[in-house]
Amino acid sequence: DLPTAQFNQSLMSLRRPAFSLLETLVVVAIMAVAVGFSVLYAQTDTVRTDLRTQAAIFVSYAREMQTDAASGKGNTSAGIHLELDQYVLFHGASYNALDASNFAVVLPSVIEITNISLAGGGSDLVFTSPLGEPSQSGSLDFSSSSIGQTVHITVNSLGAVDYE
């Protein structure tokens, strides 16, 4: 019996600690959840950045249209036509969808223009020549329902455009 005991003892000394299949699966599952959360966070952060960037670009264009009207560029008013998924820069007293000089800015699919509230109604923000004052002051929102955030943009009666 002594050789058998020595043989069993030598087999035990050859075994090395290892991970079981269950332990390996648990580690893989934890890593998958961690990667999933990091991807979700990255997508949310990207949409949040896009929302702020698109609002800043809109404000920049609105200020440009106000400057165009105030400087007398083209001897006419300038404005922005607002739609849900885009806005269109135009020159003239009113928006003409067929005008070839219009410049449309299409928003990313996760961002929309909502809550358009211009004095007198409508969806055209027109800066009149020669002072560059808006014919209608008011506000609008750039929104993303995918992250539940909104950037509020206001245009006062003097034409100052700001966002928060």
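The rules behind each value
- Residues numbered from 1 in each chain as written.
- Predicted model: local features only at pLDDT ≥ 70, side-chain atom pairs only at ≥ 80, totals over all residues.
- Heavy atoms only, no water.
- Helix = DSSP H or I, 4+ residues; strand = E, 2+ residues; numbered from the N terminus.
- Buried < 20%, exposed > 50% of the residue type's maximum accessible area, 1.4 Å probe, protein only.
- pLDDT = per-residue confidence, 0-100.
- Patch = residues over 30% accessible without salt bridge, like charges linked within 9 Å, V, L, I, M, F, W, Y side chains within 5 Å.
- Areas by Shrake-Rupley, 256 points an atom, 1.4 Å probe, with all protein chains shown as cover.
- Salt bridge = Lys/Arg side-chain N within 4 Å of Asp/Glu carboxyl O.
- Pairing = 2+ DSSP bridges.
- Axes fitted to C-alpha atoms, helices over the stretch in contact; angles between N-to-C directions.

### Topic: unusual backbone geometry
Piece 1. Of note, the bond from S129 into P130 is cis; its omega dihedral lies within 30 degrees of zero at 10°.
Piece 2. In this structure, N115 is a non-glycine residue whose phi angle is positive, near 50°.
Piece 3. Tracing the chain through its elements places N115 in strand β4 (residues 112-118).
Piece 4. Owing to a relative accessible area of 55%, N115 belongs among the exposed residues under this scheme.

### A few points about the confidence of the model for the protein chain
Piece 1. In this model, the protein chain carries an average pLDDT of 87, and 87% of its residues clear a pLDDT of 70 or more.
Piece 2. Predicted confidence in the protein chain is weakest over helix α1 (residues 2-14), with a mean pLDDT of 62, and strongest over strand β3 (residues 103-106), with 96.

### Some points on a nonpolar patch on the surface
Piece 1. On the surface, L22, V26 and I30 cluster together into a nonpolar patch covering about 310 Å² of accessible area.
Piece 2. Note that V26 resides in helix α2 (residues 21-71).
Piece 3. Given the relative accessible area of 42%, V26 is considered partly exposed.

### Structural notes on the sheet that holds strand β8 (residues 161-163)
Piece 1. Strand order in the open sheet formed by four strands is β4-β6-β7-β8, and the pairing between neighbours is antiparallel. Lying at the two open borders of the sheet, with one neighbouring strand each, are β4 and β8. Here the strands of the sheet are splayed against their neighbours by 20° on average, with no regard to which way each runs.
Piece 2. As paired strands, β4 and strand β6 (residues 138-144) are joined by five bridges and run antiparallel to one another. Among the inter-strand pairings, T114 is bridged to a residue of β6, identified as D141.

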